[in-house]
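Spelled out, the chains give:
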Amino acid sequence: MDLNTLQEGIRQGQVRALAKGITLVESTLAADQKKAEALLTALMPSTGGALKIGISGIPGVGKSTFIEAFGSFLLNDDTSRRLAVLAVDPSSPIHGGAILGDKTRMEELSVHPRAFIRPSPGGGAAGGISRRARESILLMEAGGYDTIFVETIGVGQSETLVASMVDVFLMLQMPNMGDELQGMKKGILELADIIAINKADGSLKEAAQRAKIEHEQALKLVPAEDKPTPVVLTSAKNKEGLPEIWNELRALVETWKKSGRFEQKRQDQVVQWFERELGEQIQAIAAEHPAYQGLFKEFEAKVRARELAPSVAARTFIKSILNVGQ
Ligand SMILES: Nc1nc2c(ncn2[C@@H]2O[C@H](COP(=O)(O)OP(=O)(O)OP(=O)(O)O)[C@@H](O)[C@H]2O)c(=O)[nH]1
Ligand SMILES: [Mg+2]
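Report on the accompanying structure.

Rules used in this analysis
Residues numbered from 1 in each chain as written. Chains lettered and ligands numbered in written order. Predicted model: local features only at pLDDT ≥ 70, side-chain atom pairs only at ≥ 80, totals over all residues. Heavy atoms only, no water. Near = heavy atom within 4 Å. Polar contact = N/O pair within 3.5 Å; in protein donor to acceptor, adjacent residues only side chain to side chain. Areas by Shrake-Rupley, 256 points an atom, 1.4 Å probe, with all protein chains shown as cover. Nonpolar A, V, L, I, M, F, W, Y, C, P; charged D, E, K, R; others polar. Salt bridge = Lys/Arg side-chain N within 4 Å of Asp/Glu carboxyl O. Helix = DSSP H or I, 4+ residues; strand = E, 2+ residues; numbered from the N terminus. Buried < 20%, exposed > 50% of the residue type's maximum accessible area, 1.4 Å probe, protein only. Contact = heavy atoms within 4.5 Å. Pairing = 2+ DSSP bridges. Axes fitted to C-alpha atoms, helices over the stretch in contact; angles between N-to-C directions.

Some points on the site of ligand 1
Around ligand 1, the surrounding shell holds 15 residues, and the nearest of these are Lys63, Ser64, Thr65, Asp201 and Ala236. Gly60 has a polar backbone atom sitting 3.0 Å from an oxygen atom of ligand 1. Interatomic distance of 3.0 Å between a backbone N/O atom of Lys237 and an oxygen atom of ligand 1. Taken by itself ligand 1 offers 650 Å² of open surface, and the protein chains cover 73% of this. In the shell around ligand 1, the residues fall into four nonpolar, six polar and five charged.

Some points on the pattern of salt bridges
A complete count under the given rule lists ten salt bridges for this structure. A salt bridge links Glu280 to Arg131; the nearest nitrogen and oxygen atoms lie 3.0 Å apart. Taken together, the residues Glu280 in helix α13 (residues 261–288) and Arg131 in helix α7 (residues 126–142) connect sequence positions 149 residues apart. By relative accessible area, which is 24% here, Arg131 ends up partly exposed. The closest approach of N and O atoms between Asp167 and Arg266, which form a salt bridge, is 2.8 Å. Pair noted here: Asp167 is in the loop between α8 (158–163) and β5 (168–173) and Arg266 is in helix α13, with a separation of 99 residues, a long-range link. Take Asp167: its relative accessible area is 2%, and that puts it in the buried class. It is possible to trace a salt-bridge network through shared partners that takes in Asp77, Arg81 and Asp146.

Side note on the side chain of Ser164
With respect to the helices and strands, Ser164 occurs in the loop between α8 and β5. Relative accessible area serves as the criterion here: at 16%, Ser164 is assigned to the buried category. Within the structure, Ser164 has its side chain in polar contact with the side chain of Arg134 (distance 2.9 Å). When near neighbours in sequence (up to four residues on either side) are disregarded, Ser164 contacts Arg134 and Gln269.

With respect to the sheet that holds strand β6 (residues 194–197)
Across the sheet, seven strands lie side by side as β3-β2-β4-β1-β5-β6-β7; this open sheet has parallel pairing. The sheet is open, and its two borders are formed by β3 (115–118) and β7 (231–233), each paired with just one other strand. Put simply, the sheet's adjacent strands are angled 20° from each other on average, direction ignored. Where β6 and β7 come together, three bridges link them in parallel fashion. Residue pairing in the sheet places Ile195 in a bridge with Val231 of β7. Against the sheet, helix α11 (residues 205–220) contacts β5, β6 and β7, and its axis sits at roughly 175° relative to β7.

As structure tokens, this is what we get:
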């Protein structure tokens, strides 16, 4: 498929073209990288139209079940809606591990004509994962998906990573957290725009109600920008609490759009992405480009020999290749 066909196919919402495009931006081959850059540049004007929702929670909390239930709810709620699901899981070592394994939990979504599910690219450095995920999101937007779920496991830095690429961050919590909540890092709660206590059904219902109150109390200690983070009860299994979550979500987005915070956050995110890429790309190019490789190695050797502090070496190296003097 040549680039024009691919680009047109993605714009027209063809699933096969989108899948191919994502594979292209995920590729680490130098030849593919050029094509991926051309594709992204051509599609940029068609991006920015999706509401991006981060969904996180520890393994077993019910993310897959919730995504199936909430996704199906949203697709039924609006018959023109198109939903894409992307998993970001730095801990998954093999391509396709995270989501494909539980297609059974996403029975409806995985065959829905208006849904597109993409498993985690997995593995590699955080920078690479983050880039592939962000670029995949751009392609999904160009493909006309107006709602994008970005799923991540609630471990380590993956939550912060995903929070920096979505508009709203939804955190699923267990009904019986108890003492764990006490010790939970404030930073994690701060990331959440909405908290949903899942499994609020059967014998866990009471525990879930208690967890809601505990969360609300814990959130009082977290400085809120406007109103406190909403805590909602849900049962992904019984498909309960879904309209409530959607209402909270929409209300937040509306408030942020009115105040300008929504657009501001998006702009901050892309600028931060650019700045982070700048450092990474300088390093990648300097290490490989024949014009800079020698100098790069020289500075690396000086660092290795403890002749130069790494920070001083980096600054001197960059100043010398940018030709801006010492
Ligand atoms: N009672 C009850 N069980 C649920 C609910 N949602 C999910 N479960 C169960 O919890 C278990 C884990 O659900 P998953 O959806 O696989 O959870 P996950 O967060 O995707 O887990 P990982 O993919 O391992 O990170 C399964 O046995 C589900 O059937 C719920 O609302 N109520
Ligand atoms: Mg899962």
